Amino acid sequence: MGNPSQSPIPGSPHGRPPTLSAFTLLLLLCGHAHSQCKILRCNAEYVSSTLGLRGGGAPDGLRGGSGLCRALRSYELCTRRTARTCRGDLAFHSAVHGIEDLMIQHNCSRRGPTAPPLPRGPLAAGSPPETPGPDPCDYEGRFSRTHGRRPGFLHCASFGDPHVRSFHHHFHTCRVQGAWPLLDNNFLFVQATSDAVASGAKATTTRKLTIIFKNMQECIDQKVYQAEVDNLPAAFEDGSVNGGDRPGGSSLSIRTADPGHHVEIRAAYIGTTVIIRQTAGQLSFSIRVAEDVARAFSEEQDLQLCVGGCPLSQRLSRSERNRRGAIPIDTARQLCKEGLPVEDAYFQSCVFDVFISGDPNFTRPAQTALEDARAFLPDLENLHLFPSDAGVPLSPAPLLTLFLAGLFFLWLCMQSVSQPCHL
């Protein structure tokens, strides 16, 4: 992911500074905040003090660039005063970054006079009531109305030995034992606990998953979900199936279509869907998460398998992957080929798991992981991953690219008909 402090913010997609009108629209759409957080008051004061800048009705002291700078300095001062109670508030952090971008865009210095908000008059008789903003606990709806486009999403999965597909489309087979964080950001914490498949074996499988959905303003109370092999509950630890009694509690829900084998958790307030499965005596994890949410972490939270993949010291080397197995490698390949016809990273992971374990049921984790990837990936060209070399990391290689490479090879053969072509 790179340094999260350098990633684009919700208020300025792709890193571009927001315009005054776009930024004001963002503030108008942020209709809710935690009762302790006073960002709504800051937003209202800023919007009030800048309304005239677009219509020529502002007092002389506020007209022009200097007027906007005064309003931005006042706005920044207000956010500093309420910063302690607004930690983790998306509207607050969007406002802070938006202020910084606008001050740079309009050449405003941080020192100088400030402007108080304009007085608000009562609504004129017969005036229609103000249109409510979008549901603050509907991430996709809020993002679409603010930016005029759908949000971007990322996909990560962990299954089998375990094999980890990271947000960057890297594919690693890991020897990790014990508890390791798959995700650790401001909104989500996901930890997988792996044990050796047998005494003395280097191969491991996930036996326990812990997911923490962190408290978020009026949307949800903090909720903890914990699954273990042979115990895949369809409820959070406190017995609930939603985000609690807050107004947006329904924006976090848990359901199952196959009790004991498949649980799906939807967190609409952060644009996230999680699938936990139990197959062949092991757990698998798959997630589709909004880009802004996945990037919301500090430098101290840098150890995340979904972000950086397995640490180098925990990746199985090629020689370790090719060690003596429980069944012949050709038998493992034949078993995996039935459900995974494309010999991509999922197929190779399947072959490894079946080869080492000797259990034909170990074909299922790779198959279901591919199903989840097909449902979660925004760009299906990245569905199939192929080894870039003989090592462990893998990179996207769409089938179209392989097809074109084959055509190019045939063309070279046709150009040199005097020499035979050897595939």
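Residues numbered from 1 in each chain as written. Predicted model: local features only at pLDDT ≥ 70, side-chain atom pairs only at ≥ 80, totals over all residues. Heavy atoms only, no water.

Looking only at helices and strands, the chain has 12 helices and 13 strands in total. Expressed as a percentage of its 423 residues, the buried residues of the chain come to 48%. Sequence separation of at least 24 residues holds for 58% of the intrachain contacts in the chain that already meet a minimum separation of 6. Carbon and sulfur atoms make up 53% of the accessible area of the chain, which totals about 20,700 Å². (Helix = DSSP H or I, 4+ residues; strand = E, 2+ residues; numbered from the N terminus. Buried < 20%, exposed > 50% of the residue type's maximum accessible area, 1.4 Å probe, protein only. Contact = heavy atoms within 4.5 Å. Areas by Shrake-Rupley, 256 points an atom, 1.4 Å probe, with all protein chains shown as cover.)

Turning next to the sheet that holds strand β7 (residues 223-228). Ordered in space as β4-β5-β6-β7, the four strands form an open sheet in which the pairing is antiparallel. Bordering the open sheet on either side are β4 (178-184) and β7, each of which pairs with just one other strand. Each neighbouring strand pair of the sheet contributes to a mean axis angle of 20°, computed without reference to strand direction. (Pairing = 2+ DSSP bridges. Axes fitted to C-alpha atoms, helices over the stretch in contact; angles between N-to-C directions.)

Proteins that are soluble and globular tend to have nonpolar side chains buried together. Grouped together as the largest cluster of nonpolar side chains are 51 residues, with contacts concentrated most on Phe167, Phe213, Tyr225, Ile265 and Tyr269. Top element by residues in this core is strand β11 (residues 282-290). It accounts for five residues. Counting 24 residues, the second-largest nonpolar core is a separate cluster that includes Phe159, Ala332, Val351 and Leu385. (Core = buried A, V, L, I, M, F, W, Y, C linked by side-chain atoms within 4.5 Å.)

The next subject is the sheet that holds strand β10 (residues 272-279). Taking strand neighbours across the sheet as the criterion, the seven strands line up as β3-β2-β1-β11-β10-β9-β8 in an open arrangement whose pairing is antiparallel. At either end of the open sheet lies a strand with only one pairing partner, and these are β3 (171-173) and β8 (252-258). For this sheet the average axis-to-axis angle between neighbouring strands, irrespective of direction, equals 10°. Bridge analysis of β8 against strand β9 (residues 262-267) gives five bridges, and the strand direction is antiparallel.

Our focus in this paragraph is the pattern of salt bridges. Applying the stated criterion across every chain yields a total of 12 salt bridges. The residue Arg295 makes a salt bridge to Glu291 at a minimum N-O spacing of 3.3 Å. Note that Glu343 is salt-bridged to Lys337, the shortest N-O span being 2.9 Å. Sharing partners across several salt bridges, the network here consists of Glu76, Arg80 and Arg110. (Salt bridge = Lys/Arg side-chain N within 4 Å of Asp/Glu carboxyl O.)

Pairing between β4 and strand β5 (residues 188-196): six bridges, direction antiparallel. The partner of Pro181 across the bridge, within β5, is Gln191. The antiparallel hairpin formed by β4 and β5 contains three residues in its connecting segment. The sheet contact formed by β5 and strand β6 (residues 204-213) spans nine bridges and is antiparallel. Across the sheet, Ala196 pairs through a bridge with Thr204, a residue of β6.

For the chain, mean pLDDT is 78; residues scoring 70 or higher make up 71% of the total. Looking across the chain, the model is least confident in strand β13 (residues 394-396), with a mean pLDDT of 39, and most confident in β9, with 98. Every residue in residues 28-34 scores below 50 in pLDDT, and together they form 19 contacts with partners more than four places removed in sequence or on other chains. Every residue in residues 389-405 is under pLDDT 50, and counting partners more than four places away or in other chains gives 33 contacts. (pLDDT = per-residue confidence, 0-100.)

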